[in-house]
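Chain and residue survey
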Number of protein chains: 2
Amino acid sequence: MMFFGEFEYKIDEKGRVPIPPRFRKALREGLVLAPGIEKCIIAYPLDEWKKLADTLTTGPVTPSKLRRLNRATFAAAFSISLDGQGRIALPISLKQHAEIVDEVIIAGANNYLELWNKVHWESEKAISQEQAWQIIESLERH
Amino acid sequence: MMFFGEFEYKIDEKGRVPIPPRFRKALREGLVLAPGIEKCIIAYPLDEWKKLADTLTTGPVTPSKLRRLNRATFAAAFSISLDGQGRIALPISLKQHAEIVDEVIIAGANNYLELWNKVHWESEKAISQEQAWQIIESLERH
DNA sequence: CCATATTTCGCCACAATTCCCCACTTTCTA
DNA sequence: TAGAAAGTGGGGAATTGTGGCGAAATATGG
């Protein structure tokens, strides 16, 4: 499954967000929410999450660092599933991390989704586009 | 499939554009719309898009740039399919990017299509032709 | 251990949008 | 000139966003 596009939703008073319908089938079996490095929430489908977890645990790191890495990765993550209407409830800690209040942007990013505060998304989008075009042009040079 | 030629269409009140009949077979399985670097919309057949996505995600870039590249590439793209009449619906954000209102130019560009505002197309075409002739002449010099 | 209060979760309902199908008119072709 | 194909427009059904109600689960205090 490839995740595309940009969608805007409101959060209802109970903190639930609709998932874009076209993604629901791919996420029926569950998803994992984790804080992004930027101010956003990342939503992985279950299989993508497993892949990611594998690469983390098999990476070339010392055991003590691995334990810390595990903690940081798994303690902050949430296993979530869609409700009957195709919505998910956002954990408060993640909402705070992404500074999401009552409007969300859901953006596809190839093999995962990102959830953003609308304002932050707009500025991030501008930066991303600028960088991307530079990279693409440099790639096209050969 | 190689895309050739230049076609002009009207957009109906629901934002739908006909795809030139000769291209429909190649796009039956779906296409991806993305904003162009210039003020236009680019339409990739599904397999071409996959190739592009591969070169982007396996390219020689650092993780943080890779995330941004993912964002810019996938969030701005839309997965679309033809309706029974061989038309597609243009997402509003892309229409705004290309400043397309009610007339479209669809131009073949080798392995993808470009959708243009008619006025912008005319001026871009003039520039492109001028540059193309210069390039061709420089090629012929050896 | 029970009862009350509070939160969480699933379900329903309405309004709006989207999607799909049908029809007409024009153009191209044989 | 007749038939087929394609451009254009419109209507109806299905889907979806969003708010709200009520039941189940959890927590708290007696």
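Report follows, based on the coordinates. A quick note: this is a predicted structure, and the numbers were derived from the prediction, not measured.

What counts and what doesn't
- Residues numbered from 1 in each chain as written.
- Chains lettered and ligands numbered in written order.
- Predicted model: local features only at pLDDT ≥ 70, side-chain atom pairs only at ≥ 80, totals over all residues.
- Heavy atoms only, no water.
- Near = heavy atom within 4 Å.
- Polar contact = N/O pair within 3.5 Å; in protein donor to acceptor, adjacent residues only side chain to side chain.
- Helix = DSSP H or I, 4+ residues; strand = E, 2+ residues; numbered from the N terminus.
- Nonpolar A, V, L, I, M, F, W, Y, C, P; charged D, E, K, R; others polar.
- Buried < 20%, exposed > 50% of the residue type's maximum accessible area, 1.4 Å probe, protein only.
- Lys, Arg positive; Asp, Glu negative; His and termini not counted.
- Salt bridge = Lys/Arg side-chain N within 4 Å of Asp/Glu carboxyl O.
- Contact = heavy atoms within 4.5 Å.
- Phe/Tyr/Trp six-rings, centres within 6.5 Å; stacked < 30°, edge-to-face > 60°.
- Least-squares fit on C-alpha atoms with pLDDT ≥ 70 in both.
- Buried area = accessible area lost by both parts, 1.4 Å probe.

1. Regarding the protein's contact with DNA strand D
Not every one of the 18 residues close to DNA strand D is listed here, only the nearest: Tyr9, Lys14 and Arg24 of chain A together with Lys14 and Arg24 of chain B. Take the atoms of DNA strand D that sit within 4 Å of the protein: sugar and phosphate atoms are 59% of them. Arg16 of chain B is positioned with one of its side-chain polar atoms (N or O) 2.9 Å from a base oxygen of DNA strand D. Of all elements in the fold, only strand S1 (6-10) and helix H1 (21-27) of chain A together with strand S1 (6-10) and helix H1 (21-27) of chain B reach the threshold of two or more residues within the surface near DNA strand D. Tallied by class, residues from the surface near DNA strand D come to four nonpolar, one polar and 13 charged.

2. Here's the deal with the side chain of Lys95 of chain B
Residue and element names in this part refer to chain B. Its location among the elements puts Lys95 in helix H4 (residues 92-98). The buried charged residue Lys95 lacks any salt bridge, with Asp12 as its nearest oppositely charged partner at 7.8 Å. Beyond its immediate stretch of four places on either side in the chain, Lys95 contacts Ile11, Gly15, Ile41, Leu90 and Ile100.

3. Some details on the packing of aromatic side chains
Applying the stated criterion to the full structure yields 14 aromatic pairs over all chains. Relative to Phe74 of chain B, the ring of Phe4 of chain A has its centre 6.0 Å away and its plane inclined at 45 degrees; by these criteria the two rings are tilted. Of this pair, Phe4 of chain A sits in the segment before S1 while Phe74 of chain B sits in helix H3 (residues 63-75), on two different chains. One exposure class covers both Phe4 of chain A and Phe74 of chain B, and it is buried.

4. A few points about the relation of the copies chain B and chain A
The two copies are related by a screw operation: chain B maps onto chain A through 26 degrees of rotation and 12 Å of translation along the axis, at an RMSD of 0.2 Å. A different interface surface on each copy is seen, since only 5% of the contact residues of chain B are contact residues in chain A too.

5. Re the interface of chain B and chain A
Taken together, the contact between chain B and chain A spans 20 residues of the former and 27 residues of the latter. Summed over both sides, the interface between chain B and chain A buries roughly 2,200 Å², with carbon and sulfur atoms accounting for 65% of that surface. One salt bridge connects Arg71 of chain B with Glu38 of chain A, and the closest N-O pair in it is separated by 2.8 Å. On the surface where chain B and chain A come into contact, there are nine residue pairs in polar contact (both at pLDDT 80 or more). Those elements giving two or more residues to the side of chain B that touches chain A turn out to be helix H2 (46-57) and H3 of chain B. Residue classes in the side of chain B that touches chain A are distributed as 12 nonpolar, four polar and four charged.

6. As for the side chain of Ser128 of chain A
Along the chain, Ser128 of chain A turns up in helix H5 (residues 118-140). The class for Ser128 of chain A is buried, based on a relative accessible area of 1%. Apart from the residues lying within four places of it in its own chain, the contact partners of Ser128 of chain A are Arg68, Arg71 and Ala72 of chain B.

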